[in-house]
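As a plain string of letters, each chain reads:
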Amino acid sequence: MLRRTLANVLCLTACAVTVTGVPAAATSSRPLPSTITLPSGFQPEGIAIGGKPYAYFGSRVDGDIYRVDLRTGAGATLSEGPGTASLGLKIDDGRLFVAGGAGGNARVIDLRTGAVLKSYQLQPAGSNTFINDVIVTDDAAWFTDSRNLVLFKVPFGRHGRLPDAAVAVPLTGDIKLETGNNANGISRTPDGRGLIIVQSNTGFLFRVSTSGVTSRIDLGAETVVNGDGLWLRGKDLYVVQNRLNVITKVALDRRAATGTVISRTGNAAFDVPTTIAEYRKRFYLPNARFTTTPTPETTYNAVAVPIP
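Once a new chain begins, its residue numbering starts again from 1 and follows that chain's sequence as written. Totals for whole chains, interfaces and linings use every residue, but because this is a predicted model, local features are given only for residues with pLDDT of at least 70 and side-chain atom pairs only at 80 or more, for both listing and counting. Heavy atoms from the whole structure form the basis of all side-chain values; hydrogens and water molecules are not counted.

Peer 1: So what exactly am I meant to see when it comes to the layout of surface pockets here?
Peer 2: Any space left empty among the atoms is revealed by the rolling of a water-sized probe across them. There is about 380 Å³ of room inside the largest pocket. The way it works is a 1 Å grid over only the protein atoms, where trapped points that fit a 1.4 Å probe form a cavity and open points with protein on both sides within 12 Å along at least five of seven lines form a pocket, and then any residue with an atom within 4 Å of a point lines it. Taken together, 20 residues form the lining of the largest pocket, with Lys90, Ile91, Ile135, Val136 and Trp231 sitting closest to its centre. For the lining of the largest pocket, the secondary-structure elements that each account for two or more residues are β4 (44–50), β8 (89–92), β12 (131–136), β17 (183–188), β21 (227–233) and β25 (277–279). Labels follow the DSSP assignment, with helices taken as runs of H or I lasting at least four residues and strands as runs of E lasting at least two, numbered in each case from the N terminus. Broken down by element, the residue count for the lining of the largest pocket peaks at 4 residues, all from β8. The residue inventory of the lining of the largest pocket, partitioned by class, reads 13 nonpolar, 2 polar and 5 charged. Grid points are joined across faces, edges and corners, and a volume is the space filled by probe spheres set on the points. For this classification, the nonpolar set comprises Ala, Val, Leu, Ile, Met, Phe, Trp, Tyr, Cys and Pro, the charged set comprises Asp, Glu, Lys and Arg, and every other residue, Gly included, is treated as polar.

As structure tokens, then:
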């Protein structure tokens, strides 16, 4: 497992890190790196960016959370994983919400210390489950399960207090369970009154009410097969179609009842990107490299591209 000490992490802000021999202080006016090198064998999937210019990545190998300074590319392990994967990530109020994949779990990490604030066993360990992604709204964190027609809600108490347990919200309506990855990436609707999920195997997008009722978003003849991470920007929804190596831009109406595919943008640096986050008008995407047989020596990175 990948291990660094907390002192290494704190050094990201306190020490003079160098990039190609230039002190970090001298790089403040230089362009941000367009490629972020991650540890060999890390197998990234999720990304979140928040607060100061740090990106957080989760490992599919052991669940370690790796923090990178976007100004320099320097990184270190913030929080050691539980031995199961860390997939989708989102930040809210100094906390990192982590989807736990086949472990059937989720956890919340303090971004200052790397300590685990709460852990939730959403599905029995070893069952047919895959907790894949998460979105944070004003009153809750919502997790998808790609093997089952259910969302898991972690409702916030007063002042954002974390509850002792999550609530299962069955998915009903238009969505049907299919073979492979079902509900994957998740976002809010533009009007903030509902959620959006992408069903990876069919390429369908669905609007979801907070009670779990799904309505397929009308994209005409278009689909977003292999849709993974979602990013909402105004009324534009960006969908990472991982194995197609493209970011697809979908213009939605405010309720997310209909959408129009505006563009599909690829990049030579893409190698099966999965999730997506924004910083300074650029998108950052980790390359999961699903088509490459992983070894402890396999190299991994994340890339920054202009927002289409």
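Now that the structure has been shown, the text picks up again.
Peer 1: Looking at this structure, I do not really get the nonpolar core. What am I missing?
Peer 2: One broad rule of soluble globular proteins: the nonpolar side chains tend to lie buried together. One finds Leu38, Ile47, Ile49, Phe57, Leu70 and Tyr284 to be the most contacted residues of the largest nonpolar core, which totals 17 residues. Broken down by secondary-structure element, the contributors of at least two residues to this core are β3 (35–38), β4, β5 (54–59), β6 (65–69), β25 and β27 (300–306). The element that contributes the greatest number of residues to this core is β27, accounting for 3 residues. The contact criterion used is simple: two residues touch if any of their non-hydrogen atoms lie within 4.5 Å. When near neighbours in sequence (up to four residues on either side) are disregarded, Ile47 contacts Ala55, Tyr56, Phe57, Leu89, Thr275, Ile276, Ala277, Tyr284 and Pro286. Here, nonpolar core means buried Ala, Val, Leu, Ile, Met, Phe, Trp, Tyr and Cys residues that are tied together by side-chain atoms lying within 4.5 Å of each other. With a 1.4 Å probe rolled over the protein chains alone, any residue whose accessible area is under 20% of its type maximum counts as buried; one over 50% counts as exposed, and the rest are partly exposed. Listed in part, the 16 residues of the second largest apolar core include Ala99, Val134, Val136 and Phe143.

Peer 1: Sorry if this is basic, but what is going on with empty space enclosed by the protein here?
Peer 2: For the coordinates displayed, the defined rule picks out 1 cavity of 30 Å³ or more. Of the voids in this model, the largest cavity is the one considered here, and its volume is about 40 Å³. Every residue along the wall of the largest cavity is listed here: Ile47, Gly88, Leu89, Lys90, Asp133, Gly229, Leu230, Thr275 and Ile276. Sorting the residues of the lining of the largest cavity by element identifies β8 and β21 as the ones contributing at least two each. Classifying every residue of the lining of the largest cavity by side-chain character gives 4 nonpolar, 3 polar and 2 charged.

Peer 1: When you look at the pairing of strand β19 (residues 204–208) in this model, what are you seeing that I'm missing?
Peer 2: Across the 5 residues of β19, 4 count as buried, placing the element largely inside the fold. The rule for pairing is simple: two strands pair if DSSP sees at least two bridges between them. Bridge analysis of strand β18 (residues 195–199) against β19 gives 5 bridges, and the strand direction is antiparallel. Opposite Gln199, over in β19, you have Phe204 as the bridge partner. Two successive antiparallel strands, β18 and β19, enclose a turn made up of 4 residues, where Gly203 displays a positive phi of approximately 80°. Here 3 bridges tie β19 to strand β20 (residues 213–216), and the two strands are oriented antiparallel to one another. Among the inter-strand pairings, Arg207 is bridged to a residue of β20, identified as Ser215.

Peer 1: I'm lost on the packing of aromatic side chains in this one. Help?
Peer 2: Each aromatic ring pair is described using two quantities: the centre-to-centre distance and the angle formed by the ring planes. Ring geometry is summarised as follows: Phe, Tyr and Trp rings, the Trp one being its six-membered ring, pair when their centres sit within 6.5 Å, and such pairs are stacked at plane angles under 30 degrees, edge-to-face over 60 and tilted between the two. For the structure shown, the criterion picks out 4 aromatic pairs. Here the aromatic rings of Phe97 and Phe156 are separated by 5.9 Å at their centres, their planes lie at 45°, and the arrangement is tilted. In this pair, Phe97 sits in strand β9 (residues 95–99) while Phe156 sits in the loop between β14 (150–155) and β15 (167–170), placing the two residues 59 residues apart along the sequence. Residue class for Phe156 comes out buried when judged on its relative accessible area of 15%. Taking 6.3 Å as the distance between ring centres and 75° as the angle between the ring planes, the aromatic pair formed by Phe204 and Phe206 counts as edge-to-face. Taking the relative accessible area as the measure of exposure, Phe204 reaches 24% and is therefore partly exposed. Charge over a ring is defined by NZ of Lys or CZ of Arg lying within 6 Å of the ring centre and within 35 degrees of the ring normal. In this structure, Arg67 is placed above the aromatic ring of Tyr54, and the distance from its NZ or CZ to the ring centre is 4.2 Å. The cationic tip of Arg95 hangs over the ring face of Phe156; the distance from NZ or CZ to the ring centre is 5.2 Å.

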